[in-house]
Amino acid sequence: MFVEDIRTDFYNVLLGNRVLLLVHYDVDAICTCKILQGLFKCDNISYTLVPVGGMSELKTAYEENNEEIKYVVLVNCGGTVDLVDILQPEEDVVFFVLDSHKPTDVCNVYSDGQVRLVYKDDEENIPNFDEIFRDDEDQDEEEEIESGREGLEALVERRRARRAWEERRHTLMFNYTQFSYFGKPVACVVLDLAWRMSRCGWAVLWAASVAACSHAALHRRAPARCLLDIDALHRYVAGGQRQTDAEIDTAAKVVLEKDAFLPLYRQWSLDCAMRHAPALGPYLKQHTIAGAGRIRQLFADMGFPLQQARQSYRSMDVELRRSLLDSLEAAAPKHKLPVPTQVTFLLHRPHSPVVAALDLVYCILGLIEHEATPRGSGFQHALAALDTASGDSDSRRLGAAAAQAALQAVARLVNATLAARKLHLAGPFSYFIVQEGIPEAAFVKGPLWLGVAARWAAAAAGGNRPLVASAPVDNTTCLLIGVPPRYEQEPKNLFGAAFEQAATKSGISVSLDYMDSAVITLPIAQRTQFLDALTALLA
């Protein structure tokens, strides 16, 4: 069931109770967790925080921490599966679900109150209850049928009606579940809660800004949807800015300004940021012989000497830094680049460097899927990186270094794949396989960075075909991720349902443990067989 009032039916219910907080490993979930932690601290709500990466971890986390717990809050996990069936909770346990993964499981939607969905997305076309559920009393109809011709005809008619209902139900459920997609960032939903409680400070606005930027940067939502999602956030930032100016506040504040769509360029050189930007890198064609010359020509058209572009951004000439946005916008059309600037959220602190929301998105990605740091530690570092009370924190520096290394690995991997013509065509889709043992494999063994690599390759190849990417997880298991065609404009993904059907028809033991249905794991030895089955299914 959906809650009608987020404050009365969700937050006020938690007051005075101990809460189990289960949070997924992604940027939006971590930002939401940061906001909830601040709210819980103000109201002295005791909670147990457990990060989870997949369905098996979700089940284990609940089993290990459900003692004397009556309220469970799930952030970006659990919405797409039947929670009651999987977790087998006691009847008095209540689950509050904040999940941007769609479509929502219909058993959660029509729960009698044990599962409560905090937000309903406008895109969800949920079937009516009577169209997908019915009483099973007529299963024993043969025992109640009267003898004779009239009784037999009634039995046949009931069976015919039941078959017709089952066919309609199958069609409705297929149309409802065939695409996986993302809804509104849940941090923006919790932001509305904080605003209603008059606790929408700069820390809350900053966390919601980073979450909203993550959906746009990772192409989880169509651009028009992203603008609608953050409409309220724009108003909150503008209203807070006017109040801050009036009070001459010297603390951290969030502003809305135009900025270059280049991750971490303030901590990098402009040349490195340009080469390794997922939004611009694919269009520079660095895998071709003319790729290096195109970047030099781009800087020449911008009026930036190579010596300046290749040194640290903070050491560049002040006039060049001031003219960066205008020069980049003027030179981009000649090189057929997408719009290289955007209006985004920036964090300003006295006597500290400016931090862009886009930079923090990649910092958190680097911390979650760090090459050496365990995921649990990376999760805590990601929460610390969102802190607005500290300047250039150790967690933020660690995340920036990890993100830079990962972006460099992604660029090398995709450029080498394209240059060696290892982006294969398999009928209805393209695919590439990251070979075990290469240095870049250690960076893309998780779904987040492999997704960045897959979208980079898809864009460099034209972006009009769906793409499947695979990378080794260990010596026997590999990860498989699917990217839809035109992922930038139409991010709804058919691969989740296709992977499941291909696994069923081929009999291959596939693990569907990830929250995103378009990400699976399977044995490396059966990968070729699975790709053949997927090709036959989508042909």
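Refer to the structure printed above.
Conventions used here
- Residues numbered from 1 in each chain as written.
- Predicted model: local features only at pLDDT ≥ 70, side-chain atom pairs only at ≥ 80, totals over all residues.
- Heavy atoms only, no water.
- Core = buried A, V, L, I, M, F, W, Y, C linked by side-chain atoms within 4.5 Å.
- Buried < 20%, exposed > 50% of the residue type's maximum accessible area, 1.4 Å probe, protein only.
- Contact = heavy atoms within 4.5 Å.
- 1 Å grid on protein atoms, 1.4 Å probe; cavity = no way out; pocket = protein on both sides within 12 Å on 5 of 7 lines; lining within 4 Å.
- Points joined across faces, edges and corners; volume = space filled by probe spheres on them.
- Helix = DSSP H or I, 4+ residues; strand = E, 2+ residues; numbered from the N terminus.
- Nonpolar A, V, L, I, M, F, W, Y, C, P; charged D, E, K, R; others polar.
- Phe/Tyr/Trp six-rings, centres within 6.5 Å; stacked < 30°, edge-to-face > 60°.
- Lys NZ or Arg CZ within 6 Å of the ring centre and 35° of its normal.
- Salt bridge = Lys/Arg side-chain N within 4 Å of Asp/Glu carboxyl O.
- Disulfide = S-S within 2.5 Å.
- Polar contact = N/O pair within 3.5 Å; in protein donor to acceptor, adjacent residues only side chain to side chain.

A. Main features of the nonpolar core. Counting 134 residues, the largest nonpolar core has F10, V73, V210, L262, M302 and W449 as its most contacted members. Not counting the four nearest positions on each side in its chain, F10 is found in contact with D5, V73, F96, L98, V118 and L193. Within the second largest apolar cluster, 27 residues are counted, among which are L20, I69, I132 and M515.

B. Spatial organisation of empty space enclosed by the protein. Throughout the structure, instances matching the rule amount to two cavities of 30 Å³ or more. Estimated volume of the largest cavity: approximately 130 Å³. For the lining of the largest cavity, the secondary structure elements donating two or more residues are helix 18 (357-368) and helix 21 (447-460). Counting residues per element, the lining of the largest cavity draws most heavily on helix 21, at three residues. Its residues assigned to classes, the lining of the largest cavity comprises eleven nonpolar, one polar and one charged. When its volume is computed, the second largest cavity comes out at roughly 110 Å³. In this structure, the second largest cavity is lined by 15 residues; those nearest its centre are V97, L98, D99, K102 and Y119. Split into classes, the residues belonging to the lining of the second largest cavity amount to seven nonpolar, three polar and five charged.

C. Representation of the packing of aromatic side chains within the structure. In total, this model carries 16 aromatic pairs according to the counting rule given. Their ring planes at 75 degrees and their centres at 5.3 Å tell us that Y110 and F129 sit as a pair that is edge-to-face. Taken together, the residues Y110 in the loop between helix 5 (106-109) and strand 6 (115-117) and F129 in helix 6 (residues 129-132) connect sequence positions 19 residues apart. For F129, a relative accessible area of 41% gives the class partly exposed. A cation over a ring is seen here: K492 above Y181, with NZ or CZ 4.7 Å from the ring centre.

D. Just the pattern of salt bridges, in detail. Per the stated rule, a full pass over the model turns up 22 salt bridges. Here R196 makes a salt bridge to D192, at a shortest N to O gap of 3.1 Å. One end of the pair is R196 and the other is D192, both in helix 9 (residues 186-196) and four residues apart, which spans about a single turn. Its relative accessible area of 41% is what places R196 among the partly exposed residues. Given the relative accessible area of 25%, D192 is considered partly exposed. R266 is paired through a salt bridge with D259; the nearest N and O atoms lie 3.0 Å apart. What emerges from the salt-bridge pattern is a single network uniting D121, E123, R221, R225 and D229.

E. How the structure looks around the state of the cysteines. Tallying each qualifying case throughout the model produces zero disulfides. The cysteine C200 is free of any disulfide, with C188 supplying the nearest cysteine sulfur at 11 Å. Of all cysteine sulfurs, the one in C213 lies closest to C363, which takes part in no disulfide; the gap is 12 Å. C363 sits in the buried class, given a relative accessible area of 3%.

F. Region of interest: the environment of S470. In this structure, S470 sits in strand 13 (residues 467-472). For S470, a relative accessible area of 2% gives the class buried. A C-alpha to C-alpha distance of 34 Å links S470 and P127, two positions 343 residues apart in sequence. In contact with S470, other than residues within four places in its own chain, are F432, I433, V434, L450, C478, L479, L480 and R527. Reaching out from S470, the side chain makes a polar contact with the side chain of R527 at a distance of 2.8 Å.

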